Amino acid sequence: MGLAPTNEPAVRLVIDFVNTLDVDEGTDALTSPEGLGAWLRERQLLGERERVGADDLALARRLRDGLRVELQTHHGTPPDAEARRALDEVAAQVPLRVTFDGGPELAAAAEGPRAGLGAVLTAVAGLARTGDWPRLKICPADDCAWAFYDESRNRSRRWCSMEVCGNRAKLRSYRERRAR
């Protein structure tokens with residue numbers, strides 16, 4: 001049995017956000033302001049009357065892309081300094097504050113879609129604080145690239161699913177060795 005995340009809602013929010021891009025299915029939930037609005041509303045991060053603009057969509061896509069690159073480093077890949085700078089730039093456009101109701105916590109200081117993106121960033125910060133952040137990873141299979149939570153004790157899980165992506169990679173490796 002694997003280890004459960006310390007903060008399941010934060011893990012789920014970040015993974016769901018990163019997986020708005022589904023490489024396997026070839027779909028992207030963030031292709032329009034309406035798509036971002038729908039995603040945020042499904043998670044109660046945006047009110048029905050609040051609107052999403054093109055600049056909010058561009059910021060959300062940059063945040064997602066930066067997080068995807070960052071999660072790849074959790075397999076031991078060296079950090080991408082340019083991607084980290086881009087994430088810093090995105091984070092600077094999403095105001096956060098500290099709240100003390102229930103203990104010091106980060107919270108979004110913006111309204112509308114930026115508040116929803118702030119919720120994603122505060123989830124990331126919370127996961128870093130609890131030690132769960134390095135357990136969020138991207139499947140290295142080029143035809144998958146799905147974000148997942150590594151429940152293994154030694155944090156060594158590589159594939160989102162050993163039964164699918166892991167087996168495909170092992171079969172490919174086996175065929176390459178046999179062809180030599």
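Quick caveat, the model's predicted, so the values are computed rather than measured. (Residues numbered from 1 in each chain as written. Predicted model: local features only at pLDDT ≥ 70, side-chain atom pairs only at ≥ 80, totals over all residues. Heavy atoms only, no water.)

**Some details on the pattern of salt bridges**
Inspection of every chain in the model, using the stated rule, returns twelve salt bridges. The salt bridge partner of arginine 64 is aspartate 65, with a shortest N-O separation of 3.6 Å. Looking at aspartate 65, the relative accessible area reads 36%, which means it is partly exposed. For glutamate 105, the salt bridge goes to arginine 129, with nearest N and O atoms at 3.6 Å. Here glutamate 105 is found in strand β4 (residues 105–108), whereas its partner arginine 129 is found in helix α5 (residues 113–130), with 24 residues between them in sequence. Each of Arg12, Asp16, Glu42 and Arg43 takes part in salt bridges that share partners, so that together they form one network. (Salt bridge = Lys/Arg side-chain N within 4 Å of Asp/Glu carboxyl O. Buried < 20%, exposed > 50% of the residue type's maximum accessible area, 1.4 Å probe, protein only. Helix = DSSP H or I, 4+ residues; strand = E, 2+ residues; numbered from the N terminus.)

**So, the packing of helix α3 (residues 54–72) against helix α4 (residues 81–92)**
Contact pair α3 / α4: the axes reach a minimum separation of 9 Å and the direction vectors enclose 145°. Read as a crossing pair, α3 and α4 show a hand that is left-handed. Of the residues in α4, those in contact with Leu59, Arg62, Leu63, Gly66, Leu67, Val69 and Glu70 of α3 are Ala83, Arg84, Ala86, Leu87, Glu89 and Val90. Among the residues making up the contact of α3 with α4, the classes are represented as eight nonpolar, one polar and four charged. (Axes fitted to C-alpha atoms, helices over the stretch in contact; angles between N-to-C directions. Left-handed = near helix turned anticlockwise from the far one by under 90°. Contact = heavy atoms within 4.5 Å. Nonpolar A, V, L, I, M, F, W, Y, C, P; charged D, E, K, R; others polar.)

**Re the environment of alanine 10**
Tracing the chain through its elements places alanine 10 in helix α1 (residues 8–18). Each C-alpha atom, one on alanine 10 and one on leucine 121, is 9.7 Å from the other, the two residues being 111 residues apart in sequence. Residues in contact with alanine 10, not counting those within four places in the same chain, are Ala123 and Leu127.

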